[in-house]
Amino acid sequence: MLVADLVKLLEQRYPTAWAEDWDRVGFVLGDPDATVTRVLLAVDCDPAVVDEAARVGAEFVFTHHPLLLRGVSSVAPTTYKGRIVHRMIRSGMALYTAHTNADVANPGVSDVLAARVGLVEVHPLRPDPKAPERGHGRVGRLPEPMTLAQFARLVADQLPTAASGVRLAGDPAARVERVAVSGGAGDAFLADATRAGVDAYLTADLRHHPAQEHLANGGPALVDVTHWASERPWLDDVAAFLRAEAGLQTIVSDVDTSPWVPWEDNDS
């Protein structure tokens, strides 16, 4: 398959028009006429991911987060992003990104997160007014109620292990059945989770004061994981789609691109 044809296939599944105005998605770099046989899928495009792509012989790198989200005036190889761009071009790699357009897709990032924790009867948390079958986040029901502590354990067991683990806010003994999820940073949907009347909201990157005020105002319990861990499962879904629709070889990167690392005080 040509790079250009793969780009068309991906944009049928994740139309760039679905992305937020501030986002930068789609075809980033590479030769449209080059041939693709192997795709590496990753949450971020960082040096370790590019190293992996080179090691496995991937001609095409698919990422969730944009490498060039904010404007730059230079991609000189003396800059962090410039070094990545130059290395990928020298290696003959293409780069493609699906970000907020994949967040709202159906199936999208939060559908896979919901499936990982076993939710049923799933629907968007914040539906798109023009297409209510898609939108940000998902709401669903657990097949059997459990305590918040048990739900947090389920999340820890079903999502990739990350340095900061799983945090919860609320009564560990509280009953949880209806759950909202949102892959990635979920602060923006705290009010939506409250309006949805769920028992718990699973997301990433929650901040101290918004979480504190949310709980003080009677919002549902919170289960917080790392950004990378909440979005990594979706890559398996994209990989399966590329294998089925394009017959491509796919490798899903397990490089944890989170900046946080495990730490133990061995000097005490």
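Here, every reference points to the structure presented above.
Residues numbered from 1 in each chain as written. Predicted model: local features only at pLDDT ≥ 70, side-chain atom pairs only at ≥ 80, totals over all residues. Heavy atoms only, no water.

1. Regarding the overall build of the protein
- The helix and strand tally for the protein stands at nine helices and eleven strands.
- By principal-axis analysis of the C-alpha atoms, the protein measures approximately 55 × 55 × 35 Å.
- Looking at the protein as a whole, 47% of its 268 residues qualify as buried.
- Here the contacts in the protein between residues at least 6 apart in sequence split such that 65% fall between residues at least 24 apart.
- As displayed, the protein offers around 12700 Å² of accessible surface, 51% of which is attributable to carbon and sulfur atoms.
- Side chains of the protein give 24 positive and 36 negative charges; the mean places of these two sets differ by 3 Å. (Helix = DSSP H or I, 4+ residues; strand = E, 2+ residues; numbered from the N terminus. Buried < 20%, exposed > 50% of the residue type's maximum accessible area, 1.4 Å probe, protein only. Contact = heavy atoms within 4.5 Å. Areas by Shrake-Rupley, 256 points an atom, 1.4 Å probe, with all protein chains shown as cover. Lys, Arg positive; Asp, Glu negative; His and termini not counted. Charge placed at Lys NZ, Arg CZ, Asp CG, Glu CD.)

2. Some words on the pairing of strand β3 (residues 60-63)
- The alternating pattern of β3 places F60 and F62 and V61 and T63 on opposite faces, both of which are buried.
- With four bridges connecting them, strand β2 (residues 38-42) and β3 associate as parallel partners. The residue of β3 that forms the bridge with V39 is F60.
- Relative to strand β4 (residues 94-97), β3 is paired through four bridges, and the arrangement is parallel. Pairing of F62 across the sheet is with Y96, part of β4.
- Taken together, β3, helix α3 (residues 80-90) and β4 constitute a β-α-β crossover, and its handedness is right-handed. (Pairing = 2+ DSSP bridges. Right-handed = clockwise from strand over helix to strand, strands pointing away.)

3. Details of the pattern of salt bridges
- Per the counting criterion, the structure on display carries 14 salt bridges.
- The salt bridge involving D51 is made with R87; its shortest N-O contact spans 2.1 Å. With D51 in helix α2 (residues 47-56) and R87 in helix α3, this pair connects stretches of sequence that are 36 residues apart.
- Judged by relative accessible area, which is 27%, R87 ranks as partly exposed.
- Between D254 and R232 there is a salt bridge, and its shortest N-O distance comes to 2.8 Å. You can see D254 sitting in the segment after β11 (249-252) and its partner R232 sitting in helix α9 (residues 227-246), a full 22 residues away along the chain.
- Among the charged side chains, a network of salt bridges with common partners joins R116, R232, D236 and D254. (Salt bridge = Lys/Arg side-chain N within 4 Å of Asp/Glu carboxyl O.)

4. Digging into helix α6 (residues 148-158)
- Here α6 has its buried residues at L148, F151, A152 and V155. Here the buried residues of α6 occupy an arc of 100 degrees about the axis, which is enough to place them on one side. Pointing more than 90 degrees away from the buried face of α6 are the exposed residues R153 and D157.
- On its buried face, α6 sits against β6 (131-147), β7 (167-169), β8 (175-185), β9 (200-204) and β10 (221-225). (Arc of directions from axis to C-beta.)

5. Looking at the pairing of β10
- Of all the five residues making up β10, five are buried; the element is thus mostly covered by neighbouring parts of the structure.
- Both faces of β10 are covered, namely the face carrying A221, V223 and V225 and the face carrying L222 and D224.
- Of the strand pairs in this sheet, β7 and β10 are connected by three bridges, and their pairing is antiparallel. What sits directly across from R167, in β10, is D224.
- Following the chain from β9 across helix α8 (residues 208-216) to the adjacent parallel β10, one finds a crossover that is right-handed.

6. Here's the deal with the packing of helix α5 (residues 109-116) against α9
- Following both chains from N to C, one finds α5 and α9 inclined at 100 degrees, their axes separated by 8 Å at the closest point. Comparing the axis directions of α5 and α9 gives the class roughly perpendicular. Contacts from V109, V112, L113 and R116 of α5 reach α9 at S230, E231, P233, W234, D236 and D237.
- Residue composition of the contact of α5 with α9, grouped by class: five nonpolar, one polar and four charged. (Axes fitted to C-alpha atoms, helices over the stretch in contact; angles between N-to-C directions. Parallel < 35°, antiparallel > 145°, perpendicular 65-115°, else oblique. Nonpolar A, V, L, I, M, F, W, Y, C, P; charged D, E, K, R; others polar.)

7. A few points about unusual backbone geometry
- Here the bond from N106 into P107 is cis, since omega is 10 degrees, no more than 30 degrees from zero.
- With respect to the secondary-structure elements, P107 resides in the loop between α4 (100-103) and α5.
- Despite not being glycine, E121 has its phi angle at roughly 55 degrees, a positive value.
- Mapping E121 onto the fold places it in strand β5 (residues 120-128).
- Of the residues examined, E121 reaches a relative accessible area of 57% and is grouped as exposed.
- Look at D205: it is not a glycine, yet its phi comes out positive at around 60 degrees.
- Tracing the backbone shows D205 in the loop between β9 and α8.
- Judged by its relative accessible area of 36%, D205 is partly exposed.

Note that all results are geometric; they support no functional claim without further evidence.
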